[in-house]
Amino acid sequence: MFLADRRTDSTFEEIPIIDFTDASSSDPKRRLALAEKIRDACINVGFFYITNHGVPEDTITDAVAAGKKFFAQPISSKLHLDIHKAKNFKGYTALLGENTDPTGRGDLHEGFDIGWEEQDSSRNLDSARDDSAMSGLNVWPDLPGFREPVLSYYHSIVQLGLRLFPLFALALDLPENFFEDKTTKPAAIMRLLHYPPQSPTTLDNDGVIGIGAHTDYECFTILWQDTVSALQVRNADGKWIDAVPIPGAFVLNIGDQLARWTNDVFKSTIHRAINRSGQERYSIPLFFGVDYDVLLEPIPSCISPEMPAKYEPVKAGDYVQSRLEETYAQSVKK
Ligand SMILES: O=C(O)CCC(=O)C(=O)O
Ligand SMILES: [Fe+2]
């Protein structure tokens, strides 16, 4: 069956939970069975949780603790690293410094963004590698015990991301190694995010929420979220479904690059975050893409006479750069 025939507008009420154990199975049938679950989730929802992903709990806890320490600093220390001063979209974004949904008035979160960097600083000559919009060195705060745990988490998630590509390939009826030569220096942008609580009675339409409704730009996103529920995913009927935190699980979602590549057979689903819990909320998304020089052109099984190609081929890096510039051009209309 052509994948194009499986493109659907059907709606969903729940986000599937997928056990990742078989990702490393030596049995191709088990890997394929897992890929089929991922395929269903990508076609119907565009979001799923993964459990048993193998990322050590300490790696997560240490990075989260580092993030909390960073955000607890005075604003003047954080603004030294203002993302608007850097040309390569790295550094600190203050509260309301972004406006993800152009109809909104700013996002009620602060963030810290990093891109590729070797864990081992002695190998860092290569860290300013050429990955287009994000190329150039990371900026780091002068905060002991920050860089190491943050980078260590970053590399664990990059490894997890690299294990997902073969499964996406199988899910798309492609050879398992389809993405291998396209992910030699994968785009991986990570953000530490902090959402202060907002009033429980705030209406959606006052224009300020944790992060406005949007889709992600890259191929997929791996998100860690704490126990505070705030993330919501919009179904085809326009209803917001809570992506309730599941301890030990990551949330995975498809981004616009993979949606383009699959002619929207895989969904890049709109989502937002509103923290009405009364507590601080922290999350860490890592946006995963292919090498920036890879051309995104529709996968043949995703086009058919009834479902012709919807998008022009575009280079991954050019696409991400244009989306990032759009977002930052819209931000801070104070
Ligand atoms: O913090 C979250 O739960 C979602 C973050 C998000 O959607 C993003 O940064 O693109
Ligand atoms: Fe997002």
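Residues numbered from 1 in each chain as written. Chains lettered and ligands numbered in written order. Predicted model: local features only at pLDDT ≥ 70, side-chain atom pairs only at ≥ 80, totals over all residues. Heavy atoms only, no water.

- The name that an unreviewed UniProt entry assigns to the protein is Clavaminate synthase-like protein, with the source organism given as Lentinula raphanica.
- Word for word, the UniProt comment on the protein under Sequence similarities (unreviewed entry) is "Belongs to the iron/ascorbate-dependent oxidoreductase family." (UniProt positions renumbered as here; feature names shortened; annotations may be inferred.)

Topic: the environment of alanine 230
Then, in step 1: Of note, alanine 230 is situated in the loop between strand E9 (220-225) and strand E10 (231-234).
Then, in step 2: Here the alpha-carbon distance between alanine 230 and threonine 59, two residues 171 residues apart in the chain, equals 23 Å.
Then, in step 3: Look past the residues within four positions of alanine 230 in its chain and what remains in contact with it is Arg272, Ala273, Ile274, Asn275 and Arg281. (Helix = DSSP H or I, 4+ residues; strand = E, 2+ residues; numbered from the N terminus. Contact = heavy atoms within 4.5 Å.)

Let's talk about helix H4 (residues 147-171)
Then, in step 1: Over its 25 residues, H4 extends 36 Å from the first C-alpha to the last, a length consistent with the 36 Å expected when each residue adds 1.5 Å.
Then, in step 2: Among the residues trailing H4, aspartate 173 stands out with phi positive, at a value near 60°. (Expected span 1.5 Å × (residues − 1).)

Digging into empty space enclosed by the protein
Summary: where empty space remains is shown by rolling a probe the size of a single water molecule over the atoms.
Then, in step 1: One pass over the full model with this rule turns up 1 cavity of 30 Å³ or more.
Then, in step 2: Counted as a void, the largest cavity has a volume near 50 Å³.
Then, in step 3: Every residue along the wall of the largest cavity is listed here: Val64, Gly67, Lys68, Phe71, Leu192, Leu193, Trp224, Tyr282, Ser283 and Ile284.
Then, in step 4: The element that contributes the greatest number of residues to the lining of the largest cavity is helix H2 (residues 57-71), accounting for 4 residues.
Then, in step 5: Of the residues in the lining of the largest cavity, the class split is 7 nonpolar, 2 polar and 1 charged. (1 Å grid on protein atoms, 1.4 Å probe; cavity = no way out; pocket = protein on both sides within 12 Å on 5 of 7 lines; lining within 4 Å. Points joined across faces, edges and corners; volume = space filled by probe spheres on them. Nonpolar A, V, L, I, M, F, W, Y, C, P; charged D, E, K, R; others polar.)

Thoughts on helix H1 (residues 28-44)
Then, in step 1: If you check H1, its first and last C-alpha atoms are 24 Å apart, about what 17 residues at 1.5 Å a residue would give, namely 24 Å.
Then, in step 2: All of the buried residues in H1 are Arg31, Leu34, Ala35, Ile38, Arg39, Ala41, Cys42 and Ile43.
Then, in step 3: On its buried face, H1 is in contact with strand E1 (17-19), strand E2 (47-51), H4 and strand E12 (250-254).
Then, in step 4: By the N-cap criterion, in which a side-chain oxygen at the helix start approaches the backbone nitrogen of a residue two or three places on, H1 is capped by aspartate 27, the distance to lysine 29 being 2.9 Å.
Then, in step 5: After H1 finishes, the residue glycine 46 shows a positive phi value of roughly 85°. (Buried < 20%, exposed > 50% of the residue type's maximum accessible area, 1.4 Å probe, protein only. Polar contact = N/O pair within 3.5 Å; in protein donor to acceptor, adjacent residues only side chain to side chain.)

Concerning the coordination of the iron ion (ligand 2)
Then, in step 1: The protein atoms donating to the iron ion (ligand 2) are His214 (NE2), Asp216 (OD) and His271 (NE2), with metal-donor distances spanning 2.1 to 2.2 Å.
Then, in step 2: Every donor residue of the iron ion (ligand 2) comes from the same chain, spaced as H-x1-D-x54-H. You can see aspartate 216 sitting in the loop between strand E8 (211-214) and E9 and its partner histidine 271 sitting in strand E13 (residues 271-273), a full 55 residues away along the chain. (Donors = N, O, S within 2.8 Å, 3.2 Å for Na, K, Ca; no water.)

Some points on the sheet that holds strand E3 (residues 91-93)
Then, in step 1: A sheet is described by the order of its strands in space; here 8 strands give the open sequence E1-E2-E12-E9-E14-E6-E5-E3, paired in mixed fashion. Since the sheet does not close on itself, it has two edges, and those belong to E1 and E3, each with one partner. On average, each strand axis in the sheet is inclined to that of its neighbour by 25°, with strand direction left out of account.
Then, in step 2: Relative to strand E14 (residues 281-288), E9 runs antiparallel, the two sharing 6 bridges. Among the inter-strand pairings, tryptophan 224 is bridged to a residue of E14, identified as isoleucine 284.
Then, in step 3: Here H1 sits on the sheet and contacts E1, E2 and E12; the angle it forms with E1, its principal contact strand, is near 165°. (Pairing = 2+ DSSP bridges. Axes fitted to C-alpha atoms, helices over the stretch in contact; angles between N-to-C directions.)

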